[in-house]
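# Architecture and fold: a report
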Amino acid sequence: MKTYNAYYKSPLGPIEISGMQDSILSVDFVEDMLPGDADLPFCIKTCLKQIDEYFSGKRKEFLLKLDPQGTIFQRMVWQQLEKIPFGAVVSYGEIASIIGKPKACRAVGNANGRNPIAIIIPCHRVIGSDGSLTGYGGGLWRKEWLIKHEKGYLPNNITA
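From a predicted model like this one, the values you see are computed outputs, not experimental measurements. (Residues numbered from 1 in each chain as written. Predicted model: local features only at pLDDT ≥ 70, side-chain atom pairs only at ≥ 80, totals over all residues. Heavy atoms only, no water.)

Turning our eyes to something else, we now look at the environment of Asp39. Examined against the element boundaries, Asp39 turns out to sit in the loop between β3 (24-29) and α1 (42-55). Among the residues examined, Asp39 registers a relative accessible area of 63% and is labelled exposed. Between the C-alpha atom of Asp39 and that of Ala6, which follows or precedes it by 33 residues, the distance is 9.9 Å. (Helix = DSSP H or I, 4+ residues; strand = E, 2+ residues; numbered from the N terminus. Buried < 20%, exposed > 50% of the residue type's maximum accessible area, 1.4 Å probe, protein only.)

Listed below in structure tokens is the structure:
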């Protein structure tokens, strides 16, 4: 099946969205915006619209069909990430306990780091047990920006 690509110019830099005819496979921060596919399926057009609404402060929940590729454990962690409310943060340990594996903090961190659908599967909402910002594939400055954006204020000293 054909994979489609589109790009979105976010306040945090370009985002590449990849998907199939009816589902989103990945949402990643990238260095450059390349030409995307001209004839995009409805699911990618909808994803672009919802990401735009998220960054403009009009959307707190994404309503998209997602198809992240990963192990059973990774998908279990990602499903739990989707339950973290907008504007909230939880620790890796809390996620590990919720999924019934309280000693699997590092494994949860690894699964979190392999999340292929940034922002929509909100791995940026997971922090260290001491409240510190730890690990984010898009860079800690983006994680900080996203958390502050969701709490209703944007940092003054961070620019894309």
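Still more to cover.
Counted according to the given criterion, the structure contains five salt bridges. When the shortest N-O distance is used, the salt bridge between Lys49 and Glu53 registers 2.7 Å. In this pair, Lys49 and Glu53 are both assigned in helix α1, four residues apart and thus about one turn of the helix distant. Using a relative accessible area of 52% as the deciding quantity, one classes Lys49 as exposed. On the basis of relative accessible area, Glu53 is assigned to the buried category, the value being 15%. (Salt bridge = Lys/Arg side-chain N within 4 Å of Asp/Glu carboxyl O.)

This part covers the environment of Lys143. Position of Lys143 among the secondary structure elements: in helix α5 (residues 140-150). Its relative accessible area of 0% is what places Lys143 among the buried residues. Counting along the chain gives 19 residues from Lys143 to His124, while the straight-line C-alpha distance between them is 5.3 Å.

What follows deals with the sheet that holds strand β1 (residues 4-10). Taking strand neighbours across the sheet as the criterion, the three strands line up as β1-β2-β3 in an open arrangement whose pairing is antiparallel. Each having just a single partner strand, β1 and β3 make up the two edges of the open sheet. Pairs of neighbouring strands in the sheet enclose a mean axial angle of 20°, with direction left out of account. The strands touched by α1 are β1, β2 (13-19) and β3; relative to β1, the strand with the most contacts, the crossing angle is about 15°. (Pairing = 2+ DSSP bridges. Axes fitted to C-alpha atoms, helices over the stretch in contact; angles between N-to-C directions. Contact = heavy atoms within 4.5 Å.)

Moving on: the packing of aromatic side chains. Counted under the stated rule, the structure contains five aromatic pairs. For the ring pair Tyr54 and Phe86, a centre distance of 6.3 Å and an interplane angle of 80° mean the geometry is edge-to-face. You can see Tyr54 sitting in helix α1 and its partner Phe86 sitting in the loop between α2 (72-81) and β4 (90-91), a full 32 residues away along the chain. The exposure class of Tyr54 is buried, given its relative accessible area of 0%. Each ring, one from Phe55 and one from Trp145, has its centre 5.8 Å from the other, and the planes form 50°; the classification is tilted. Separated by 90 residues along the polypeptide, Phe55 in helix α1 and Trp145 in helix α5 bring together distant segments of the chain. Residue Phe55 is classed as buried on the basis of its relative accessible area, which comes to 10%. Residue Trp145 is classed as buried on the basis of its relative accessible area of 6%. In this structure an aromatic cluster arises from ring pairing among Tyr8, Tyr54, Phe55, Phe62, Phe86 and Trp145. The ring of Tyr4 has Lys2 lying over it, and the distance from NZ or CZ to the ring centre is 4.9 Å. (Phe/Tyr/Trp six-rings, centres within 6.5 Å; stacked < 30°, edge-to-face > 60°. Lys NZ or Arg CZ within 6 Å of the ring centre and 35° of its normal.)

Counting buried positions along β3 gives five out of six residues, so the element sits mostly inside the fold. Where β2 meets β3, five bridges bridge the pair, whose relative direction is antiparallel. Across the sheet, the residue bridging to Ile17 is Val27, located in β3. The hairpin turn running from β2 into β3, its antiparallel successor, is four residues long.

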